[in-house]
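The primary structure of each chain is shown beneath.
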2 protein chains.
Amino acid sequence: MSKYVFGVDVGGTTIKMGFFTVEGELLEKWEIPTRRENNSENVLPDIAKQIDLKLEEKNITKDQVAGVGFGVPGPVTREGIVKMNANLGWKDKMVAKELGELTGLKCMGGNDVKTAGLGEMWRGSAAEFENAVFLTLGTGVGAAIIVEGKVILGAMGASGEIGHIKVDMEETRSCGCGGIGCTEQYASATGLKRMAVELLEKCDTPSVLREKEVDAKAVFDAYKEGDALAVQVVEKFGHYLGYTLAATAAVIDPEAFIIGGGVSKAGEPLLEVVKKYYKQYVWPGCRDKVFVLAALGNDAGIYGAASYVL
Amino acid sequence: MSKYVFGVDVGGTTIKMGFFTVEGELLEKWEIPTRRENNSENVLPDIAKQIDLKLEEKNITKDQVAGVGFGVPGPVTREGIVKMNANLGWKDKMVAKELGELTGLKCMGGNDVKTAGLGEMWRGSAAEFENAVFLTLGTGVGAAIIVEGKVILGAMGASGEIGHIKVDMEETRSCGCGGIGCTEQYASATGLKRMAVELLEKCDTPSVLREKEVDAKAVFDAYKEGDALAVQVVEKFGHYLGYTLAATAAVIDPEAFIIGGGVSKAGEPLLEVVKKYYKQYVWPGCRDKVFVLAALGNDAGIYGAASYVL
């Protein structure tokens, strides 16, 4: 009888491990570093070892474990193959198969953002919606597109790349994707910081940001205090992200937008500024959508990973 | 034993009727006018009468008919209710139920664009794709979003409203939806005509369009001859539509774009100009998508309607 399941969220710096009951109760979570040397050859063996150690510690046999779910950055096929991941140095890596052989357990997984979206569907803010967009605002901007209760993959696992919808035709700098003027260049933590630093250099407007280290949190903190320069930066952030969510709504007509990732810690004021511009750009039939913060924070990935197996 | 099925495509001017075998062979098609007086109260009785007459003519009993499928403009719920249709004067009209009572047959249906998309999936250009966007360029711009072999509805039946993605922030004129700078204002038959007429008035560039009635077909004909003014108009059309399809790809990652509607009669040159701008704006992982013309033309609606019942 399967009683337990593991959920593993593989990031570029750390691997988050979760040990759950099959009912979805998180019994324990911990992290190990992502050892990226030699094309991350140790990553899967390290995960397998952590699973063995945990089971030994708890005196649990493998026949009591339903399996291991995982989330990995970049596109992942239905079969659990990572086509290409520059960060980890993986190419056509059969993650599900290899991890299955290393652990002797059923292994299934997908892209990390889609996996976090699954987590929010299973145990978080997306649980009550059949159609929704789960958005993560972190180093980049990614989304999981939920249609009729399922996170859709797309033809090549590339659905939800709305961070690369073009929003600024005057931009001269390139995005990481090679495009110019992508949403991600403004609506990510990196983008917020860059916009603030540039504006601080370009003008003399007094700002609390002149006296501290500038990052996404500092920008939103200053915004909440009414700092004029931070207001300019956050309005631009809200404008571009609101536009992109309006375009997304025109394609799939979701019930709700669930906003997660590090930047979402700014809370309600972030939702308000995004909603303001969303309503300006969206087709009138889609004006009244729910905007809500993600509930699981950094744990969304391990929850979603576990849910693959169940 | 059900051998036959009807497919009905209700438009603002005409109602297209199709009589099919359950295998999908179109045996006969014909049209009747849409009588819109008194909130189109005659439309459903007229359809029921046509069905009775056809069965009488063919000496076919109703137990040999699987049912009647229909497509109607505007949002239609899963239960076949038209929430609001200004053109027909319908509000909370229970089309499936009423037509079922009038005909004594099983009736099911949906929005006209989504229905045409179903038709292309069943018997047309979308048949080989699991994930695709069926686009109709007519008086307006509408789309059916096909995900994993199904046309998705969205939260309120408003998926595929990509004609209302904003593309021109300098526009001063309003779209029919109340927004400003919508794709539909440039990528529809109406939009092409308006852009050409305005440009003809504004400049002195010689153009074959100065000597004839200007419509979408005339603009594309002149474009194919290299007419400088028509080239300007079609480039703007391609630019805005290409942008919008790139944004759409970032959301759902389809395999293909299937382009139908009256404007699509312009053929390959239309696909080429749209593709050029699509590639300029799209996320690199989605560059190589199939662009193809719809196969069923005006019959897509009756095919799709019939497919609801099967």
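Engineer: Looking at this structure, how should I read the overall build of chain A?
Structural biologist: Check the secondary structure of chain A and you find 10 helices and 12 strands. Taken against the 2.2 N^0.38 rule, which gives 19 Å for 310 residues, the C-alpha radius of gyration of chain A at 20 Å falls within 12% of a compact globule. Dimensions of chain A, computed from C-alpha atoms along their principal axes, come out at roughly 65 × 45 × 35 Å. For chain A, restricting intrachain contacts to residue pairs at least 6 apart in sequence, the fraction spanning at least 24 positions comes to 62%.

Engineer: Is there a simple way to explain the packing of helix α6 (residues 189–202) of chain A against helix α8 (residues 228–252) of chain A in this structure?
Structural biologist: Any two packed helices are characterised by how steeply their axes cross, that is the angle between the axes, and by the distance between the axes. Residue and element names in this part refer to chain A. At their nearest, the axes of α6 and α8 sit 10 Å apart, and the two run at 140° to each other. Considering their axes alone, α6 and α8 lie oblique with respect to each other. The interaxial crossing formed by α6 with α8 has right-handed handedness. Contacts from Leu192, Met195, Ala196, Leu199 and Leu200 in α6 reach Leu229, Gln232, Val233, Lys236 and Phe237 in α8. Per-class residue counts for the contact of α6 with α8 are eight nonpolar, one polar and one charged.

Engineer: How should I be thinking about the relation of the copies chain B and chain A in this particular structure?
Structural biologist: The operation relating the two chain copies consists of a rotation about an axis and a shift along that axis. When chain B is fitted to chain A, the residual RMSD is 0.0 Å, and the transformation amounts to a turn of 180° plus an axial shift of 0.0 Å. Considering both components of the superposition, the chain copies are consistent with a two-fold axis. Both copies contact each other with a shared surface, as 100% of the interface residues of chain B are interface residues in chain A too.

Engineer: Looking at this structure, I do not really get the sheet that holds strand β7 (residues 107–111) of chain B. What am I missing?
Structural biologist: Note on sheets: strands pair through backbone hydrogen bonds, and any given pair is parallel or antiparallel. Residue and element names in this part refer to chain B. Spatial ordering of the open sheet is given by β3-β2-β1-β4-β7, a layout of five strands whose pairing is mixed. At either end of the open sheet lies a strand with only one pairing partner, and these are β3 (26–33) and β7. Averaged over all neighbouring strand pairs, the angle between strand axes comes to 15°, with direction disregarded. Running over the sheet, helix α4 (residues 112–123) touches β1 (4–10), β4 (65–72) and β7 and is turned about 105° from β7.

Engineer: How should the interface of chain B and chain A be read in this particular structure?
Structural biologist: In many reports, interface size means the accessible area that the parts give up when they come together. Taken residue by residue, the interface counts 31 residues in chain B and 31 residues in chain A. Elements supplying a minimum of two residues to the side of chain B that touches chain A: β9 (141–147) and α8 (228–252) of chain B. Per element, the largest residue contribution to the side of chain B that touches chain A is five residues, and it comes from α8(B). Residue composition of the side of chain B that touches chain A, by class: 18 nonpolar, eight polar and five charged.

Engineer: What is the right way to look at the pairing of strand β6 (residues 90–94) of chain A in this model?
Structural biologist: Each regular strand shows side chains that alternate between the opposite faces of the sheet. All names here are of chain A. Across four bridges, the pairing between strand β5 (residues 81–85) and β6 is antiparallel. Within β6, the position partnered with valine 82 by the bridge is lysine 93. Hairpin connection from β5 to β6: four residues lie between these consecutive antiparallel strands, with glycine 89 at a positive phi of about 75°.

Engineer: Looking at this model, I keep getting lost on the domain arrangement of chain A. Mind explaining?
Structural biologist: Residues and elements named next belong to chain A. Domain parsing of chain A yields domain 1 (4–119 + 299–309) and domain 2 (128–294). Between the C-alpha centres of domain 1 and domain 2 the distance comes to 28 Å. The partner domain 2 presents 14 residues to the 11 residues of domain 1 that form the contact. It is helix α4 (residues 112–123) that provides the largest number of residues to the side of domain 1 that touches domain 2, a total of five residues. Tallied by class, residues from the side of domain 1 that touches domain 2 come to six nonpolar, three polar and two charged.

Engineer: Explanation requested: the sheet that holds strand β7 (residues 107–111) of chain A in the structure shown.
Structural biologist: Residue and element names in this part refer to chain A. Taking strand neighbours across the sheet as the criterion, the five strands line up as β3-β2-β1-β4-β7 in an open arrangement whose pairing is mixed. In the strand order of this sheet, the two ends are held by β3 (26–33) and β7, each with one partner. The mean inter-strand angle of the sheet, taken between neighbouring strand axes irrespective of direction, is 15°. Sheet topology places strand β2 (residues 14–21) next to β3; seven bridges connect them, and they run antiparallel. The residue of β3 that forms the bridge with isoleucine 15 is isoleucine 32. Where helix α3 (residues 95–103) meets the sheet, it contacts β4 (65–72) and β7, and its direction lies at approximately 145° from that of β7.

Engineer: Is there a simple way to think about the nonpolar core in this case?
Structural biologist: Looking at soluble globular proteins, one finds that nonpolar side chains tend to be buried together. In this structure, Phe134(A), Ile145(A), Val219(A), Phe134(B), Ile145(B) and Val219(B) are the most contacted members of the largest nonpolar core, which totals 203 residues. Apart from the residues within four sequence positions on either side, Val219(B) is in contact with Leu192(B), Ala196(B), Leu209(B), Val214(B), Ala230(B), Val233(B) and Val234(B).

Engineer: Would you take a moment to explain the environment of Leu135(B) for this structure?
Structural biologist: Residue and element names in this part refer to chain B. Here leucine 135 is to be found in strand β8 (residues 132–137). Judged by the 29 C-beta atoms lying within 10 Å of it, leucine 135 is buried. Taking the C-alpha atoms as reference, leucine 135 lies 22 Å from glycine 24; in sequence the two are 111 residues apart. Excluding residues within four positions of it along the chain, leucine 135 makes contact with Ala143, Phe257, Ile258, Ile259 and Gly260.

Engineer: What is the right way to read the pairing of β4(A) from this model?
Structural biologist: Residues and elements named next belong to chain A. For β4, the tally of buried residues reaches seven of eight residues, placing the bulk of the element in the interior. Of the strand pairs in this sheet, strand β1 (residues 4–10) and β4 are connected by five bridges, and their pairing is parallel. The residue of β4 that forms the bridge with valine 8 is phenylalanine 70. As paired strands, β4 and β7 are joined by five bridges and run parallel to one another. Bridged to glycine 71 within β7 is glycine 110.

Engineer: I'm lost on the confidence of the model for chain A in this one. Help?
Structural biologist: Where the model shows low pLDDT, its predicted coordinates should not be examined in detail. Per-chain confidence: chain A averages 95 in pLDDT, with 100% of residues scoring 70 or above. The ipTM assigned to the predicted complex is 0.93, against a pTM of 0.93.

Engineer: I'm lost on the packing of helix α2 (residues 43–58) of chain A against α3(A) in this one. Help?
Structural biologist: All names here are of chain A. Closest axis-to-axis distance for the α2/α3 pair is 9 Å, and the angle between their directions is 40°. Between α2 and α3, the crossing angle belongs to the class labelled oblique. Taken as a pair, α2 and α3 cross one another with a handedness that is right-handed. Where α2 abuts α3, its residues Leu44, Pro45, Ile47, Ala48 and Ile51 lie against Val95, Glu98, Leu99, Leu102 and Thr103. Partitioned by chemical class, the residues of the contact of α2 with α3 number eight nonpolar, one polar and one charged.

Engineer: When you look at unusual backbone geometry in this model, what are you seeing that I'm missing?
Structural biologist: With glycine set apart, most residues show a phi of negative sign, and most peptide bonds adopt trans. Residue and element names in this part refer to chain B. Located in the positive-phi region is asparagine 38, a residue other than glycine, with phi close to 50°. Considering the arrangement of structural elements, one finds asparagine 38 in helix α1 (residues 37–40). You can call asparagine 38 exposed: it has 8 C-beta atoms within 10 Å. The phi torsion at aspartate 92 lies on the positive side, around 45°, for a residue other than glycine.

Engineer: Looking at this model, I keep getting lost on α3(A). Mind explaining?
Structural biologist: One turn of the α-helix equals 3.6 residues, which is why residues spaced by three or four share an orientation. All names here are of chain A. Restricting attention to buried positions, one finds in α3 the residues Val95, Ala96, Leu99 and Thr103. In an axial view of α3, the angular spread of the buried residues amounts to 95°, which keeps them on one side of the axis. Each element contacted by the buried residues of α3 is listed here: α2, β4, β5, β6 and β7. Glycine 104 lies just past α3 and shows a positive phi near 70°.

Rules of the game
- Per-chain numbering applies: the sequence of each chain, read as written, is numbered from 1 onward.
- Chains carry letters from A onward and ligands carry numbers from 1 onward, assigned in written order.
- Selection of residues for local features in this predicted model requires a pLDDT of at least 70, selection of side-chain atom pairs for listing and counting requires 80 or more, and totals for whole chains, interfaces and linings are taken over all residues.
- Per the convention used, a helix needs a DSSP run of H or I reaching at least four residues, while a strand needs a run of E reaching at least two, with both numbered from the N terminus.
- Every radius of gyration here is taken over C-alpha atoms, with the globule rule written as 2.2 Å times N^0.38, N being the number of residues.
- Here, residue contact means that the backbone-derived C-beta atoms of the two residues sit within 7 Å.
- In this analysis, axes come from line fits to C-alpha atoms, helices being fitted only over the stretch in contact, and the angle between any two N-to-C directions falls in the range 0 to 180 degrees.
- Orientation labels follow simple angle bins: below 35 degrees gives roughly parallel, above 145 gives roughly antiparallel, 65 to 115 gives roughly perpendicular, and whatever is left gives oblique.
- Take the far helix as the reference: if the near one is turned anticlockwise from it by less than a right angle, the crossing is left-handed, and if turned clockwise, right-handed.
- Each residue is assigned to one of three groups, with Ala, Val, Leu, Ile, Met, Phe, Trp, Tyr, Cys and Pro labelled nonpolar, Asp, Glu, Lys and Arg labelled charged, and all others, Gly among them, labelled polar.
- Our superposition of the copies is a least-squares fit, built on the C-alpha atoms of residues whose pLDDT is at least 70 in both.
- A pair of strands is considered paired only if DSSP assigns at least 2 bridges between the two.
- Note that the domain bounds were set by an automatic or database domain assignment.
- Nonpolar core, as used here: buried Ala, Val, Leu, Ile, Met, Phe, Trp, Tyr and Cys residues forming one set through C-beta atoms within 7 Å.
- In this scheme every C-beta is placed from the backbone, and a residue whose C-beta has 20 or more other C-beta atoms within 10 Å is buried, one with 12 or fewer is exposed, and one in between is partly exposed.
- For every residue, the predictor assigns a confidence score, pLDDT, that lies between 0 and 100.
- By definition, the arc is the one covered by directions from the helix axis to the C-beta atoms.

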